[in-house]
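Coordinates in review
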Amino acid sequence: MNEVLKTIQNRFSCRGYTGEPIEQEKLDAIVKAALQSPTAMDAQRFKLIVITNKDMVDQLNEAAMEVLKSDPNPAFYERIKSRGGKVYYNAPCMVLVLKDADSKHGICDSGIMVQTMALAATSLGVDSVICAMASIPFSDKSKNAAEYKSKVGWEADQEFAMGILLGQGNITKEPHTISPQKVHYVR
C-alpha cells in the first residue's frame, strides 16, 4: 500500500489534545496543503483563519459552551460537559475556513480543504478533527459573536464554511470501521 493510502487508513477524529503547540514547520506545511486544495473554477473564494493563541481558543470554547447551555435540548451540552467541558477538546490550534458569502461552491471547496488538512496533519504526526462546532462562538446565538469575529479578522462578506482542530492528541483511537455495503456500483 502506498503512503497516501496508509495515511487515509490511519487518520482518525481526535477528540482529546495535550494543548501543546504544534511545531511551526508542521503547521506551515498543513496550511500550505490546504492552499494547494482545488477549488471550483480555481476561484479560491475562501479565507483561512489559523488560531494558535491558546487563550483565544479557550475563550471560544467558553463561548461555545455558553451557547450550548442555552439550547432548549440540553443533551449535547451535558455530553460535552461530561467530557470535561471542552467543545474544542483542548486543541492548541483551530483553523476556520470561511467562504465568500455569495460563493456557490464554498461548502464543497471547504470540505476538500479540511480533508486535505486532516490528511496532511496525519502524515506529519499531528492529530485532527474536522469540527463544524467551530462556528458556534461566531453564530447569532453567541452574545459576543461580533467581538470574536473582529478579534480573529473575520470580514463582513464572509461566512463560516468549516473548521478543523489540530494538535498532539492525548488519546489514540482506531480509525472507524469501513462499510463496503454503502457502495453501489453501476457498471
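All of the points below concern the structure found in this document. (Residues numbered from 1 in each chain as written. Predicted model: local features only at pLDDT ≥ 70, side-chain atom pairs only at ≥ 80, totals over all residues. Heavy atoms only, no water.)

Some words on unusual backbone geometry
Although it is not a glycine, aspartate 42 sits at a positive phi angle of roughly 50°. Take aspartate 42: it is sitting in the loop between helix 2 (24–35) and strand 1 (46–51). Of note, asparagine 90 is a non-glycine position whose phi angle comes to about 70°, a positive value. Summarising the element assignment, asparagine 90 is placed in the loop between helix 4 (75–82) and strand 2 (93–100). (Helix = DSSP H or I, 4+ residues; strand = E, 2+ residues; numbered from the N terminus.)

Some points on helix 3 (residues 54–69)
For an α-helix, the turn length of 3.6 residues means that residues three or four places apart are oriented alike. With 16 residues, helix 3 should cover 22 Å at 1.5 Å per step; its first-to-last C-alpha distance of 22 Å lies within 8% of that length. Within helix 3 the residues assigned to the buried category are Met56, Val57, Leu60, Asn61, Ala63, Ala64, Met65, Val67 and Leu68. Close packing links the buried residues of helix 3 with strand 1, helix 4, strand 2 and helix 6 (145–152). A distance of 2.9 Å separates the backbone nitrogen of aspartate 55 from a side-chain oxygen at the start of helix 3, and that oxygen is part of asparagine 53. (Expected span 1.5 Å × (residues − 1). Buried < 20%, exposed > 50% of the residue type's maximum accessible area, 1.4 Å probe, protein only. Contact = heavy atoms within 4.5 Å. Polar contact = N/O pair within 3.5 Å; in protein donor to acceptor, adjacent residues only side chain to side chain.)

Notes on the side chain of aspartate 109
On the secondary structure map, aspartate 109 appears in helix 5 (residues 106–123). When residues no more than four places from it in sequence are discounted, the contact partners of aspartate 109 are Pro38, Thr39 and Ala40.

Some thoughts on the nonpolar core
With 33 residues, the main nonpolar core has Ile51, Tyr88, Met94, Leu96 and Leu165 as its most contacted residues. Secondary-structure elements contributing two or more residues to this core are strand 1, helix 3, helix 4, strand 2, helix 6 and strand 4 (158–167). With eight residues, helix 3 is the single largest residue contributor to this core. Not counting the four nearest positions on each side in its chain, isoleucine 51 is found in contact with Met56, Val57, Leu60, Pro92, Cys93, Met94, Leu96 and Val152. In this structure, Met113, Val114, Met117 and Leu166 belong to the second largest nonpolar core, which totals 20 residues. (Core = buried A, V, L, I, M, F, W, Y, C linked by side-chain atoms within 4.5 Å.)

Some details on the packing of aromatic side chains
In total, this model carries one aromatic pair according to the counting rule given. On the numbers, 4.9 Å between centres and 35° between planes, the contact of phenylalanine 138 with tryptophan 154 is tilted. Of this pair, phenylalanine 138 sits in the loop between strand 3 (127–130) and helix 6 while tryptophan 154 sits in the loop between helix 6 and strand 4, and the two are 16 residues apart along the sequence. By relative accessible area, phenylalanine 138 is classed as buried at 4%. Judged by its relative accessible area of 11%, tryptophan 154 is buried. (Phe/Tyr/Trp six-rings, centres within 6.5 Å; stacked < 30°, edge-to-face > 60°.)

A look at helix 2
Here helix 2 contains twelve residues, and its C-alpha end-to-end distance of 16 Å stays within 8% of the 16 Å for a straight helix at 1.5 Å per residue. If you check which residues of helix 2 are buried, you get Leu27, Ile30, Val31, Ala33 and Ala34. The arc that holds the buried residues of helix 2, viewed along the axis, is 155°, so those residues lie on one side. Across from the buried face of helix 2, at angles greater than 90 degrees, the exposed residues are Glu25 and Lys32. Those residues of helix 2 that are buried are in contact with strand 1, strand 2, helix 5 and strand 4. (Arc of directions from axis to C-beta.)

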